[in-house]
Amino acid sequence: MPLFIRVTSQAVFFHFCFLRLLVTLLLSFTVLTVNADTLRLRADAWYPYNGNPDSDYPGYMIELADEILNKAGHQLDYQLMPWSRSLVQARKGSIDCIAGAFRDDAPDFLYPEVSMGRDDVGFFVMEENRQWRFTSEASLAEIRVAVISGYSYGEQLDGYIRRNRHSPYLQVTTGNDPLERNIKLLLAHRVELLIESPNVLNATLDKMGLAGNLVEVGRMNNPRELYIACSPQSSSAGYFVQLLSKGVQRMRASGRLQQILARYGLDDWEQ
């Protein structure tokens, strides 16, 4: 009987040690997996925030994210995808995050505490419509308007777009380069008004060799914070939004943030 007890105690001891080793190995594997994670980031081109992934100027948000992730031992998988599809894929968990998002674009997503930009909504026309001004929703009914599917333009404009989505006076454009398509529609007089970020519109006109061809006739004067926002379906979302927040703070303090922004002719939105 004492021998049986002794053998049983040894068996229990070795079983306990084995379980501890197994747990340690699993935890180590989890840490290694997190360290090796690749953040899957998608959005349509919205330069200078995010642009062509193969360019030397992929957008300052992309440069920031890439540097922050690399320093933490991660990789960035950034590709262009239509905005509406990016939202759908993120909500399915097929990708992790979207670039250049306002909180209104995806209220259910996770957002870093520190923003990665700030922008307003502007109104752009051809010279012959220079006198037009946004005063209320009624003023939009007087003119053919182009916007981009899935974008948020602020509560008031979003409401107008929802209610008039099928109106012949509202062009809702999709695809990888919807802004370029909208600019061409305006130049062809198929629409009369573009609603867009001033920074993005002007950068796109420069890229197309059309700087000065459109006239800005006002803004909503309600600048909003911009982010890389992550899907709640992504198991790494909480970790990555914290990583991005700390990374932007660190790069701002070191001056590296302004160095990257200067490549795009921009200044720190917090200064």
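Residues numbered from 1 in each chain as written. Predicted model: local features only at pLDDT ≥ 70, side-chain atom pairs only at ≥ 80, totals over all residues. Heavy atoms only, no water.

S.K.: Tell me what's going on with the packing of helix H6 (residues 178-187) against helix H7 (residues 198-207), and back it up with residues and numbers.
M.R.: Following both chains from N to C, one finds H6 and H7 inclined at 75°, their axes separated by 11 Å at the closest point. It follows that H6 is roughly perpendicular to H7 by the angle criterion. Mapping the contact onto sequence places Leu179, Glu180 and Ile183 in H6 and Val200, Leu201, Thr204, Leu205 and Lys207 in H7. (Axes fitted to C-alpha atoms, helices over the stretch in contact; angles between N-to-C directions. Helix = DSSP H or I, 4+ residues; strand = E, 2+ residues; numbered from the N terminus. Parallel < 35°, antiparallel > 145°, perpendicular 65-115°, else oblique. Contact = heavy atoms within 4.5 Å.)

S.K.: Go over the pattern of salt bridges with me, naming the residues and quoting the values.
M.R.: With the rule as written, the count across this model stands at 15 salt bridges. Across the pair Arg118 and Glu270 runs a salt bridge whose closest N-O atoms are separated by 3.4 Å. Remark: Glu270 occurs in the segment after helix H9 (256-262) and Arg118 occurs in strand S4 (residues 117-119); sequence separation between them is 152 residues. For Arg118, a relative accessible area of 28% translates into the label partly exposed. Each of Glu67, Lys71 and Arg256 takes part in a single network of salt bridges with overlapping partners. (Salt bridge = Lys/Arg side-chain N within 4 Å of Asp/Glu carboxyl O. Buried < 20%, exposed > 50% of the residue type's maximum accessible area, 1.4 Å probe, protein only.)

S.K.: Explain the sheet that holds strand S10 (residues 224-230) to me, using residue names and the numbers behind them.
M.R.: An order of S2-S1-S3-S10-S4 is seen for the 5 strands of this open sheet, with the pairing classed as mixed. Among the strands making up the open sheet, the edge pair consists of strand S2 (75-80) and S4. On average, each strand axis in the sheet is tilted by 30° relative to the strand beside it, whichever way the strands run. Relative to S10, strand S3 (residues 97-101) is paired through 4 bridges, and the arrangement is antiparallel. Looking across to S10, one finds that Ile98 is bridged to Ala229. Against the sheet, helix H3 (residues 83-92) makes contact with strand S1 (38-43) and S3, and its axis sits at roughly 140° relative to S3, the strand it touches most. (Pairing = 2+ DSSP bridges.)

S.K.: Quick one: what's the story with unusual backbone geometry, residue by residue and with numbers?
M.R.: Note that the residue after Tyr47, namely Pro48, is joined by a cis bond; omega there is 15°. For Pro48, the location among the structural elements is in the loop between S1 and helix H2 (60-71). Backbone geometry places His189, a non-glycine residue, at a positive phi of 65°. Here the phi dihedral of Asn221 falls at roughly 55°; this positive angle occurs in a residue that is not glycine. Along the polypeptide, Asn221 turns up in the loop between strand S9 (215-219) and S10. Judged by relative accessible area, which is 63%, Asn221 ranks as exposed.

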